[in-house]
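# Structure assessment
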Amino acid sequence: MGPAGDRGEPAPGGTTHPFLALRSSTNGWLDPASGLFHAPTGLPLFYEATDNFCDPRLKGLLPIDLIDIACEAGLHYDPAELRGSVFHLLGCLSEFGKLGLTSIGRSPEEAAQLHAATTERLARAAQELQAGALTS
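This report concerns the structure included in the present document. Residue positions are given per chain, counting from 1 as you read along its sequence in written order. Per-residue local features are limited, in this predicted model, to residues with pLDDT of at least 70; the limit for side-chain atom pairs, both in listing and counting, is 80 or more; totals at the level of whole chains, interfaces and linings are taken over all residues. Side-chain metrics rest on all non-hydrogen atoms present in the structure, leaving aside hydrogens and water.

## Comments concerning the overall build of the protein chain
Definition in use: We count a stretch as a helix when DSSP gives it H or I for four or more residues in a row; a strand needs E for two or more, and each element gets its number in order from the N terminus. Burial classes follow relative accessibility: with a 1.4 Å probe on protein chains only, a residue under 20% of its type's maximum area counts as buried, one over 50% as exposed, and anything between as partly exposed. Any two residues whose heavy atoms approach within 4.5 Å are treated as being in contact. For the area figures, the Shrake-Rupley method with a 1.4 Å probe applies, and any residue is considered shielded solely by the protein chains shown.
Of regular secondary structure, the protein chain possesses four helices and five strands. Seen in sequence order, the protein chain has helices and strands lined up from the N terminus as α-β-β-β-α-β-α-β-α. Within the protein chain, the fraction of its 136 residues that count as buried is 36%. Taking as baseline every contact in the protein chain between residues at least 6 positions apart, the subset at least 24 positions apart corresponds to 58%. Total accessible area on the protein chain is roughly 7200 Å²; 57% of this is exposed by carbon and sulfur atoms.

Here it is as structure tokens:
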């Protein structure tokens, strides 16, 4: 996670969408002394994010398709588990195959694993949907 100001806000430089996705999804807070983000329970949370995941296989995919894919794979954010991926910047998805995503975990390793699994599953599912459309 990038550095933050002393008010628990993201520092300038491209962290706004991921930080806001983290904060609004978890209702957590940033401890300026430690730099750790905490869930309301006090559990530290971590994220890996991009606002520029772009894959041509995602072109034509609708936001509802994206959410269905993530939910079916168990990769969507689950507030009870404090883990999963949150999607943003979906306006470019269908036309350009581009979106933003923030993967939240209870450790840096879990956040990275969720991020990798989510991007891989989205691209694979989009390719499968396209292949099905071509053979129909």
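## Digging into the sheet that holds strand β1 (residues 29-30)
For the record, the criterion: A pair of strands is considered paired only if DSSP assigns at least 2 bridges between the two.
Strands sit in the order β1-β2-β3-β5-β4 across an open sheet of five strands; the sheet is antiparallel. Of all strands in the sheet, those with a lone pairing partner are β1 and β4 (84-88), marking the two edges.

## Notes on the pairing of strand β5 (residues 98-105)
Counting buried positions along β5 gives seven out of eight residues, so the element sits mostly inside the fold. One ladder, built from seven bridges, connects strand β3 (residues 44-54) with β5; its direction is antiparallel. Within the sheet, the bridge partner assigned to Tyr47 lies in β5 and is Ile104. Pairing geometry for β4 and β5, over five bridges, is antiparallel. Each bridged residue has a counterpart across the sheet, and for Ser85 the counterpart in β5 is Ser103.

## Focus on helix α2 (residues 63-72)
For the record, the criterion: Working note: the arc is built from the helix axis to C-beta atom directions.
Listed as buried for α2 are Leu66, Ile69 and Ala70. Buried residues in α2, looked at end-on, bunch into an arc of 95°, giving them a common side. The exposed set on the far side of α2, more than 90 degrees from its buried face, consists of Ile64 and Glu72. Residue Gly74 follows α2 closely and has a positive phi angle near 70°.

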